[in-house]
Amino acid sequence: KNAIMITENLIKNKGFEDVLIFVNGDSISVVIKAEDLNKEQIAQIQNIIQREMQVEISNIHISNK
């Protein structure tokens with residue numbers, strides 16, 4: 001749980017208004033409050049999650065609301 005909070009805060013520090021992270025086994029779903037996400041932003045989010053939560057990028061699923 002601590003890793004999730006740290007990861008959410010790191011993503012928020014990159015300028016995103018709100019972030020929710022759900023962990024289901026090896027799969028991580030991320031919901032970002034944003035109109036649009038460009039490739040650079042998605043890569044940035046993936047890198048933070050991969051580094052902090054020790055998961056493969058293929059297991060990270062990002063969506064925006």
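Anyway, here's the lowdown on the structure attached to this text. (Residues numbered from 1 in each chain as written. Predicted model: local features only at pLDDT ≥ 70, side-chain atom pairs only at ≥ 80, totals over all residues. Heavy atoms only, no water.)

1. Description of unusual backbone geometry
The phi torsion at Gln54 lies on the positive side, around 55°, for a residue other than glycine. Structurally, the position occupied by Gln54 is in the loop between α2 (39–53) and β3 (60–64). (Helix = DSSP H or I, 4+ residues; strand = E, 2+ residues; numbered from the N terminus.)

2. Some remarks on the pattern of salt bridges
This structure, assessed with the given rule, holds three salt bridges. The shortest N-O distance in the salt bridge between Lys12 and Asp18 comes to 3.8 Å. A salt bridge links Lys33 to Glu17; the nearest nitrogen and oxygen atoms lie 3.3 Å apart. With Lys33 in the loop between β2 (27–32) and α2 and Glu17 in the loop between α1 (2–12) and β1 (19–24), the pair connects residues that are 16 residues apart, well separated along the chain. (Salt bridge = Lys/Arg side-chain N within 4 Å of Asp/Glu carboxyl O.)

3. Regarding the sheet that holds β1
The mixed open sheet is built from three strands, whose spatial order is β1-β2-β3. Two strands close off the open sheet at either side, each with one partner strand: β1 and β3. Neighbouring strand axes in the sheet, compared pairwise and without regard to direction, differ in orientation by 15° on average. Across six bridges, β1 lies against β2 in antiparallel orientation. Bridge pairing links Leu20 to Val31 in β2. In the packing of α1 onto the sheet, the strands contacted are β1 and β2, and the crossing angle to β1 comes to about 145°. Relative to the sheet, α2 contacts β1, β2 and β3, its axis offset from that of β3 by approximately 140°. (Pairing = 2+ DSSP bridges. Axes fitted to C-alpha atoms, helices over the stretch in contact; angles between N-to-C directions. Contact = heavy atoms within 4.5 Å.)

4. A word on the side chain of Glu8
Topologically, Glu8 is positioned in helix α1. One buried charged residue, Glu8, remains without a salt bridge, the closest side chain of opposite sign being Lys12 at 5.3 Å. Not counting the four nearest positions on each side in its chain, Glu8 is found in contact with Val19, Leu20 and Ile21. (Buried < 20%, exposed > 50% of the residue type's maximum accessible area, 1.4 Å probe, protein only. Lys, Arg positive; Asp, Glu negative; His and termini not counted.)

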